[in-house]
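A structural walkthrough
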Amino acid sequence: MPPATADATRERIIDAAEECFARLGVAKTTVEHIATAAGLSRATVYRSVTGGRDELILAVLLRNLRRYLDGLAERLRRQRSVPEAIVAGTMDAVEFVRAEPTIGRLLAPEAAGHMQAAVAGAVEQMLALCCDYVRPYFERAQRGGMLRADIEVEGTVEFLFRVITSLIVMDRDRGDEETRRFLRTYVVPVIAGP
């Protein structure tokens, strides 16, 4: 199969996987469901996606993350204040995950075992992707003295990733303004300094 055709087939399979995950849930979606939705044989799916379902779960996650980060990069270009960029970016990420049906279903308890198997070894890929997107803004802010000089982008992205995850998993029924105040008080000083 020529590379262009192989790439198109893989994208078709990822599209079908995303649709099946949204419709059936991650735990109930089989490769057979995905093959049927893609209009392909199971053998073709396995040839195109050698890692099976786990690889497809990760592919859907990474594709959705890239889409989100494209939008975030555009919003970061418009932000004038680093503290507000931290707050707005965190709030935006929490809202994105809560509203994104595929990611929301992947974080649901019924998918936890599947999620862990698919993403445990790939968290580094997700963090690296986030770092690649925010690195130019981070470095510019650090050169301008708007971020602590002793922190690095990888550690900062991991820290924010953990904060975002905790805000999603441990919803304390805070309103948006209360959450923003929490972020300004406890998260912003860690990154931007006092």
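Above: the structure in question.
This text gives an overview of the structure that appears in the document. (Residues numbered from 1 in each chain as written. Predicted model: local features only at pLDDT ≥ 70, side-chain atom pairs only at ≥ 80, totals over all residues. Heavy atoms only, no water.)

Within the protein chain, the regular secondary structure consists of ten helices and zero strands. Written out in order from the N terminus, the α and β elements of the protein chain read α-α-α-α-α-α-α-α-α-α. Taken across its 194 residues, the protein chain has 42% of its residues classed as buried. Expressed as a percentage of contacts within the protein chain between residues at least 6 apart in sequence, the contacts between residues at least 24 apart total 69%. (Helix = DSSP H or I, 4+ residues; strand = E, 2+ residues; numbered from the N terminus. Buried < 20%, exposed > 50% of the residue type's maximum accessible area, 1.4 Å probe, protein only. Contact = heavy atoms within 4.5 Å.)

A word on the pattern of salt bridges. Following the criterion strictly, the structure yields 16 salt bridges and no others. Notably, a salt bridge pairs Glu11 with Arg63, separated by 3.0 Å at the nearest N-O pair. Residue Glu11 is located in helix α1 (residues 3-24), and its partner Arg63 is located in helix α4 (residues 52-78); the two are separated by 52 residues in the primary sequence. Under the relative-accessibility criterion, Glu11 is labelled partly exposed at 39%. Taking the relative accessible area as the measure of exposure, Arg63 reaches 11% and is therefore buried. (Salt bridge = Lys/Arg side-chain N within 4 Å of Asp/Glu carboxyl O.)

With that settled, consider the packing of helix α5 (residues 82-99) against helix α9 (residues 153-169). Viewed as axis vectors pointing N to C, α5 and α9 meet at an angle of 50°, and their least axial separation amounts to 10 Å. Comparing the axis directions of α5 and α9 gives the class oblique. The hand of the α5/α9 crossing is right-handed. Of the residues in α9, those in contact with Ile86, Thr90, Ala93, Val94, Val97 and Arg98 of α5 are Leu160, Val163, Ile164, Leu167 and Ile168. Per-class residue counts for the contact of α5 with α9 are nine nonpolar, one polar and one charged. (Axes fitted to C-alpha atoms, helices over the stretch in contact; angles between N-to-C directions. Parallel < 35°, antiparallel > 145°, perpendicular 65-115°, else oblique. Left-handed = near helix turned anticlockwise from the far one by under 90°. Nonpolar A, V, L, I, M, F, W, Y, C, P; charged D, E, K, R; others polar.)

What follows is about the packing of helix α8 (residues 123-143) against α9. Taken N-terminus to C-terminus, the directions of α8 and α9 make an angle of 115°; their axes are 9 Å apart at the nearest point. Viewed along their axes, α8 and α9 form a crossing whose handedness is right-handed. Of the residues in α9, those in contact with Met126, Leu127, Cys130, Cys131, Val134, Arg135 and Phe138 of α8 are Val153, Glu154, Thr156, Val157, Glu158 and Phe161. Taken together, the residues of the contact of α8 with α9 break down into nine nonpolar, one polar and three charged.

The tally for this structure, following the rule as stated, stands at two aromatic pairs. Here the aromatic rings of Phe182 and Tyr186 are separated by 5.2 Å at their centres, their planes lie at 45°, and the arrangement is tilted. Remark: Tyr186 and Phe182 occur in helix α10 (residues 176-192); sequence separation between them is four residues, near one turn of the helix. Take Phe182: its relative accessible area is 26%, and that puts it in the partly exposed class. By relative accessible area, which is 53% here, Tyr186 ends up exposed. Here the guanidinium or amino end of Arg174 rests over the ring plane of Phe182, the centre of that ring lying 4.3 Å away. (Phe/Tyr/Trp six-rings, centres within 6.5 Å; stacked < 30°, edge-to-face > 60°. Lys NZ or Arg CZ within 6 Å of the ring centre and 35° of its normal.)

With that settled, the discussion passes to the environment of Gly89. You can see Gly89 is positioned in helix α5. Through-space distance from the C-alpha of Gly89 to that of Ala73 is 9.7 Å; in sequence the pair is 16 residues apart. Gly89 has contacts with Tyr68 and Leu72, leaving out every residue within four places of it along the chain.

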